[in-house]
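Okay, here's what each chain looks like letter by letter:
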Amino acid sequence: MNETITGAEALMRALRDEGVTTIFGYPGGAIMPVYDALYDYTYGDNPVFKHILVRHEQAAAHAAEGYARVSGEVGVCLVTSGPGATNTLSGVADAMMDSTPIVVIAGQVGVGALGTDAFQEVDLVGVAQPISKWSYQIRRPEDVAWAVSRAFFIARSGRPGPVVLDFPKNAQVCTTQWETKHVDFIRSYVPYPKPSEQSIRMAADIINNAKKPLALVGQGVELGNAQNELIEMLEKADIPAGRTLLGLSALPSDHPLNVGMLGMHGNLAPNVKEQECDVIIAIGMRFSDRVTGRTDTYAKQAKVIHLDIDKSEIDKNVKTDVAVIGDCKTTLPAITRLLRKANHSEWRASFLPLDEQERQRVIEPAIHPSQGPLLMGEVVNAVAEATKGEAVLVTDVGQNQMFACRYFKYRQKRSVVSSGGLGTMGFGLPAAIGATFGAPHRTICLFTGDGGMQMSLQELGTIMEQRSPVKMVLLNNNFLGNVRQWQDMFFERRKSFTRMLNPKYGLICQAYHIGYRLVTDRADLNKAIQEMLSTEGPFLMECAILEEDNVMPMTPPGKSVDEMMLGIDD
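Reading the values: the criteria
Residues numbered from 1 in each chain as written. Predicted model: local features only at pLDDT ≥ 70, side-chain atom pairs only at ≥ 80, totals over all residues. Heavy atoms only, no water. Helix = DSSP H or I, 4+ residues; strand = E, 2+ residues; numbered from the N terminus. Rg over C-alpha atoms; globule rule 2.2 N^0.38 Å. Buried < 20%, exposed > 50% of the residue type's maximum accessible area, 1.4 Å probe, protein only. Contact = heavy atoms within 4.5 Å. Areas by Shrake-Rupley, 256 points an atom, 1.4 Å probe, with all protein chains shown as cover. Lys, Arg positive; Asp, Glu negative; His and termini not counted. Charge placed at Lys NZ, Arg CZ, Asp CG, Glu CD. Pairing = 2+ DSSP bridges. Axes fitted to C-alpha atoms, helices over the stretch in contact; angles between N-to-C directions. 1 Å grid on protein atoms, 1.4 Å probe; cavity = no way out; pocket = protein on both sides within 12 Å on 5 of 7 lines; lining within 4 Å. Points joined across faces, edges and corners; volume = space filled by probe spheres on them. Nonpolar A, V, L, I, M, F, W, Y, C, P; charged D, E, K, R; others polar. Phe/Tyr/Trp six-rings, centres within 6.5 Å; stacked < 30°, edge-to-face > 60°.

Q: Which residues make up the overall build of the chain, and what values go with them?
A: If you tally the helices and strands in the chain, you get 24 helices and 20 strands. Against the globule reference of 25 Å for 570 residues, the chain gives a C-alpha radius of gyration of 24 Å, in line with a compact fold. Seen through its C-alpha atoms, the chain measures out along the principal axes to roughly 70 × 60 × 45 Å. Going through the 570 residues of the chain one by one, you find that 61% of them count as buried. The long-range share in the chain, meaning contacts at least 24 apart out of those at least 6 apart in sequence, stands at 77%. Split by element, the accessible area of the chain, about 22900 Å² in all, is 50% carbon and sulfur. Side-chain charges in the chain split into 55 positive and 65 negative, and the spacing between the mean points of these groups amounts to 4 Å.

Set out below in structure tokens:
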């Protein structure tokens with residue numbers, strides 16, 4: 001005989017059945033029955049879940065993202081109705097843009113009060129629908145198990161993404177007969193399309209006849225756990241590979257076929273060579289405007305092969321000659337089997353003069369300055385050397401993000417957590433908290449600016465309570481640096497509301513019982529890094545950065561991808 005339980009209890013059991021171990025959340029009136037049920041699953045000698053009490057609901061969503069990105073599992077956050085739910089929506093939109101699997105469960109007023117403008121009522125399903133993979137309102141307790149199983153299936157399968165479940169209070173408190181549900185099929189939803197054998201043969205044929213092939217590696221390789229399959233293809237066909245910002249750790253930094261980062265602030269060589277190659281093999285990337293520059297001039301000389309699990313990305317931004325639709329875990333080895341062993345040493349050698357040009361004009365001055373204030377590049381490089389490529393990089397958004405992604409080093413997969421498509425300031429700190437729970441045995445290094453830090457500063461309270469061992473590197477230049485750089489370059493140096501008045505972060509860390517060190521002299525930098533990395537628990541290293549430090553190279557807006565500026569006055 002089935003057991004009679006409340007909808008709130010059914011939610012707990014359904015989450016347990018999905019293998020959930022960690023929940024990021026913030027309680028409130030409309031979700032209180034669920035939190036009451038949660039009590040029995042988190043307190044006691046053998047807790048099923050670990051609940052992380054954040055200090056703001058947006059942080060719950062970003063923490064769930066950070067957890068998901070490093071673990072490969074679905075991140076979960078639990079919030080109340082109204083502002084509690086709407087506060088998560090930046091995180092939902094961020095997860096949608098970056099294909100991050102999270103499930104947001106929000107309380108809601110009872111079904112009988114819907115549409116009456118009841119206290120803290122909002123049409124969450126309607127608001128979330130355009131920015132989520134699926135949004136659904138659970139109106140009856142008997143639908144809880146099915147809805148949760150379906151939500152997790154949708155969030156984690158195919159191209160991952162966020163799912164929002166709206167949970168009215170009556171469905172939480174009313175009872176139902178408990179029955180486990182398992183959803184692994186939805187009519188008309190094909191998360192793993194079967195690749196076309198013809199397209200695989202066509203792609204292999206084009207690659208076999210290429211003289212100057214170039215691979216563009218995106219986060220889809222990481223999401224598909226196809227890092228080994230990628231390397232096998234690249235090495236067999238001797239193909240140089242550029243990586244998108246979110247695809248940086250899909251290929252180790254020191255791999256000989258890695259030719260650097262693509263995009264507006266990427267490396268010079270892969271950006272220039274996109275305009276010279278005869279074949280582009282785009283793997284799990286979406287041809288973002290930050291990668292392509294002007295699409296009307298982008299890679300017109302090249303045949304384009306696009307491997308992606310999401311058919312909607314094909315021909316969306318760049319016209320494709322051959323589309324290989326499917327999971328790259330399957331499509332990459334299928335193509336590799338048909339490839340001939342190749343040698344493109346002359347083509348690869350043509351990247352080297354551009355690498356040297358960038359090294360002399362940009363990289364060396366950025367990471368090994370001889371005098372003056374600290375620079376962002378040298379701080380990132382010093383932390384990268386100290387962590388030997390083994391740490392997880394988490395960034396906020398802005399110059400800190402670009403410098404960190406350019407100069408950090410990666411040896412392991414799932415080592416980059418950054419807000420790519422939405423560019424959400426304030427993302428870094430809560431995402432880093434989530435990453436410490438998703439990868440508890442790895443060092444989590446957060447790089448943030450003073451602007452982004454103050455957008456989620458309250459989460460130092462979460463760090464204090466959890467003793468979450470985030471190694472925070474605050475690159476403080478007293479500016480909204482990225483906007484300031486654009487103002488200097490394109491708005492006649494009219495710095496309109498970009499200078500920041502900062503608090504004394506040392507006193508704030510003291511209040512939160514978090515280790516702290518201020519670095520103003522580069523002679524103290526390495527010692528401070530060692531103190532940060534050797535300190536058990538959280539630590540904030542604040543670095544006083546040259547106020548007008550600029551991230552270069554840069555493809556200016558409206559320019560072709562190869563029209564990169566190596567200096568601000570180019």
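Q: Quick rundown of the sheet that holds strand β13 (residues 303–308)? Include the residues and the values.
A: Within the open sheet, the six strands sit side by side as β11-β10-β9-β12-β13-β14. Their pairing is parallel. Of all the strands in the sheet, just β11 (258–261) and β14 (322–325) have a single pairing partner and so form its edges. Direction aside, neighbouring strands of the sheet carry axes that sit 20° apart on average. In terms of strand pairing, β13 meets β14 through four bridges, oriented parallel. Along β14, the bridge assignment pairs L307 with V324.

Q: Describe the side chain of N381, with residues and values.
A: Within the secondary structure, N381 is located in helix α17 (residues 376–387). Classification of N381 by relative accessible area gives buried; the value is 8%. Leave out the neighbours within four places in its chain, and N381 touches I367, H368, Y407 and K409.

Q: An account of the environment of I314 is needed here, citing residue identities and associated values.
A: On the secondary structure map, I314 appears in the loop between β13 and β14. Taking the C-alpha atoms as reference, I314 lies 15 Å from L216; in sequence the two are 98 residues apart. Sequence-distant contacts of I314, defined by excluding residues within four places in its chain, comprise H306, D308, T320, A323 and I325.

Q: Account for the sheet that holds strand β7 (residues 163–168), naming residues and giving values.
A: A sheet is described by the order of its strands in space; here six strands give the open sequence β3-β2-β4-β5-β7-β6, paired in parallel fashion. Strand pairing shows two members of the sheet lacking a second neighbour, β3 (50–53) and β6 (134–137), which therefore form its edges. Neighbouring strand axes in the sheet, compared pairwise and without regard to direction, differ in orientation by 20° on average. Two elements, strand β5 (residues 102–108) and β7, share six bridges in a ladder whose sense is parallel. Looking across to β7, one finds that I105 is bridged to L165. Contacts from helix α1 (residues 7–17) reach β2 (22–25), β5 and β7 within the one sheet, and its direction differs from that of β7 by about 155°.

Q: Tell me what's going on with the layout of surface pockets, and back it up with residues and numbers.
A: Quantified by volume, the second largest pocket comes out at close to 570 Å³. Around the second largest pocket, the lining is made up of 26 residues, and of these N258, V259, G260, N267 and D355 lie nearest the centre. Listed by contribution, the elements that provide at least two residues to the lining of the second largest pocket are β11, α15 (345–349), α16 (352–367) and α18 (399–407). It is α16 that provides the largest number of residues to the lining of the second largest pocket, a total of seven residues. Residue composition of the lining of the second largest pocket, grouped by class: 13 nonpolar, five polar and eight charged.

Q: Report on the packing of aromatic side chains, specifying residues and quantitative values.
A: Taken as a whole, this structure holds 14 aromatic pairs when the rule is applied. The interplanar angle of 75° and the centroid separation of 5.4 Å between the aromatic rings of Y136 and W146 together place this pair among those described as edge-to-face. With Y136 in strand β6 and W146 in helix α7 (residues 144–156), this residue pair connects regions lying ten residues apart in the sequence. The class of Y136 is partly exposed, set by a relative accessible area of 23%.

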